[in-house]
Amino acid sequence: MSRVLSLDLFDIESHLTEEERMARAAVARFVDADVLPVITEHFRAGTFPDKLIPTLADLGMLGANLQGYGCAGMSHTGYGICLLELERGDSGIRSFASVQGSLVMYPILTFGSEAQKDRWLPQMAAGKAIGCFGLTEPDYGSDPGGMLTRAVQQKDGSWVLNGSKRWITNGTICNVAVVWAKTGEGADSIRGFLVERGTPGFEVKEVTGKWSLRASYTAELYFDDVKLPADAILPKSTGLKSALMCLNNARAGIAFGALGSAMATFECARRYSMERKQFGRPIGSFQLVQEKLVEMYTGIQAGLLMSLHLMRLKEAGKATHAHVSMCKRHNVAVARKCAITARELLGANGICDDYPIVRHLLNIESVYTYEGTHDIHTLILGRELTGQNAFGG
């Protein structure tokens, strides 16, 4: 179970419902028993632990906070605290669940037809079908409205898709991809499509050479005159705002999840400081070390309080994109700082994968820039505070 909640200064545990506490405890046991014993090996090898997918499904973690179609129907808060536990294990495990639920199942549920929901959602909730989310392109990350991928409708109602996507989590093993493409000019013409693996002209290539999120599948998607049936389109998707709704939904979970990485590095550093002796005493007895631990813990506690309130606002239908941006920006920065500080406290041991520090440090570099970079979320909040748009153009 998450060790830091045993140091729960603000009694955050008491603000969870019994159902939320039980879900978190179950996921924490899974992380301790099934993730932590194998994750270093997979990180070294650059592979995802596929054998964990059925258990993730059994725990209800695939589409956890969605209703119906075999989904767990968990509260947003319960979902967030469970993602925290998954990321305590590894960001790659949390990313797998985040993408499956928030970026694939959510748009199918929100923008899809009944036939699309019936076909895909129960399979995805059971882990029998894997999805990916194709928005980012090689030249368009923070500015997705500039995408080059195009879908042209034919006289018979079918579509022809051309373009490419990059940095696509779960793409290597996907059964279906939610792909965003322009059907005309401008961001308002962007629509979502379901593209099944094996469709002629649809090629998937694994991204290699990563030193971050190594225990995660990352792919490039290529579409060369891919012919799609008329019913491949997500009928209720209406412009770039639909894709951004998916991202906003995912970011709230990522904000909560990132604290799991922070907790893992903090707890490792705290234990190490009590065991490691220099000058005849534990290094945890020195003022500078205590200051570092206090700064780490304060950031984590602030992030937990913010995340808890964000999810309760989300449950009440009151959360805005500004709430999500502030939380994602703050918590990922806290996790990044915790990893750096923990590496300092462990000295040379901090760069060895006998300890989890360097793995979390490398992983959080990806989380820092995906789903909206730190700087993009800064500009979103700056616009909220001043009313002035600092984005390009």
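Residues numbered from 1 in each chain as written. Predicted model: local features only at pLDDT ≥ 70, side-chain atom pairs only at ≥ 80, totals over all residues. Heavy atoms only, no water.

The interhelical angle for the contact between helix 8 (residues 321–346) and helix 10 (residues 374–386), taken along N-to-C directions, is 140°, at an axis separation of 9 Å. Classified by the interaxial angle, the pair formed by helix 8 and helix 10 is oblique. Relative to helix 10, the crossing made by helix 8 is left-handed. The segment helix 8 lies against helix 10, with His321, Ala322, Ser325, Met326, Lys328, Arg329 and Ala333 engaging His374, His377, Thr378, Ile380, Leu381, Arg383 and Glu384. Here the residues of the contact of helix 8 with helix 10 are counted per class, giving 5 nonpolar, 5 polar and 4 charged. (Axes fitted to C-alpha atoms, helices over the stretch in contact; angles between N-to-C directions. Helix = DSSP H or I, 4+ residues; strand = E, 2+ residues; numbered from the N terminus. Parallel < 35°, antiparallel > 145°, perpendicular 65-115°, else oblique. Left-handed = near helix turned anticlockwise from the far one by under 90°. Contact = heavy atoms within 4.5 Å. Nonpolar A, V, L, I, M, F, W, Y, C, P; charged D, E, K, R; others polar.)

Our focus in this paragraph is the environment of Val99. Within the secondary structure layout, Val99 lies in helix 4 (residues 91–111). Val99 gets classed as buried once you look at its relative accessible area, which sits at 8%. With 37 residues separating them along the chain, Val99 and Leu62 place their C-alpha atoms 9.0 Å apart. Ignoring sequence-local partners within four residues, the contact set of Val99 consists of Val104, Gly131, Cys132, Phe133, Thr169 and Asn170. (Buried < 20%, exposed > 50% of the residue type's maximum accessible area, 1.4 Å probe, protein only.)

A separate point is the packing of helix 3 (residues 76–89) against helix 6 (residues 240–275). Interaxial distance between helix 3 and helix 6 falls to 7 Å at its minimum, and their mutual angle equals 35°. The crossing of helix 3 and helix 6 is right-handed. Judged by residue contacts, Thr77, Gly80, Ile81, Leu83, Leu84, Glu87 and Arg88 of helix 3 engage Gly253, Phe256, Gly257, Ala258, Leu259, Gly260, Ser261, Met263 and Ala264 from helix 6. Its residues assigned to classes, the contact of helix 3 with helix 6 comprises 8 nonpolar, 6 polar and 2 charged.

To continue, consider the pairing of strand 2 (residues 150–153). Examined bridge by bridge, strand 2 and strand 3 (residues 159–169) share 4 bridges and lie antiparallel to one another. Opposite Val152, over in strand 3, you have Val160 as the bridge partner. The antiparallel hairpin formed by strand 2 and strand 3 contains 5 residues in its connecting segment, where Gly157 sits at a positive phi of about 95°. (Pairing = 2+ DSSP bridges.)

This paragraph deals with the confidence of the model for the protein. Mean pLDDT over the protein: 94, with 98% of residues reaching 70 or higher. Looking at the elements of the protein, mean pLDDT is at its lowest for helix 10, recorded as 91, and at its highest for helix 5 (residues 114–125), recorded as 98. Below pLDDT 50 for its whole length, residues 1–5 participates in 24 contacts with residues either more than four positions away or in separate chains. (pLDDT = per-residue confidence, 0-100.)

The next subject is the packing of aromatic side chains. Per the counting criterion, the structure on display carries 9 aromatic pairs. Here Tyr272 and Tyr355 contribute two aromatic rings whose centre-to-centre distance is 5.8 Å and whose plane-to-plane angle is 85°, an arrangement assigned as edge-to-face. Placement of Tyr272 in helix 6 and of Tyr355 in the loop between helix 8 and helix 9 (357–369) is noted, with a sequence separation of 83 residues between them. A relative accessible area of 8% places Tyr272 in the buried class. (Phe/Tyr/Trp six-rings, centres within 6.5 Å; stacked < 30°, edge-to-face > 60°.)

The next thing to look at is unusual backbone geometry. At Asp11, a position not held by glycine, the phi torsion is positive, near 55°. On the basis of relative accessible area, Asp11 is assigned to the partly exposed category, the value being 42%.

With respect to the helices and strands, the residue Ser189 is situated in the loop between strand 4 (176–182) and strand 5 (190–196). At a separation of 3.3 Å, a polar atom in the side chain of Ser189 contacts the main-chain amide nitrogen of Gly184. Ignoring anything within four residues of it in the chain, the contact list for Ser189 reads Ala181, Lys182, Thr183 and Gly184. (Polar contact = N/O pair within 3.5 Å; in protein donor to acceptor, adjacent residues only side chain to side chain.)

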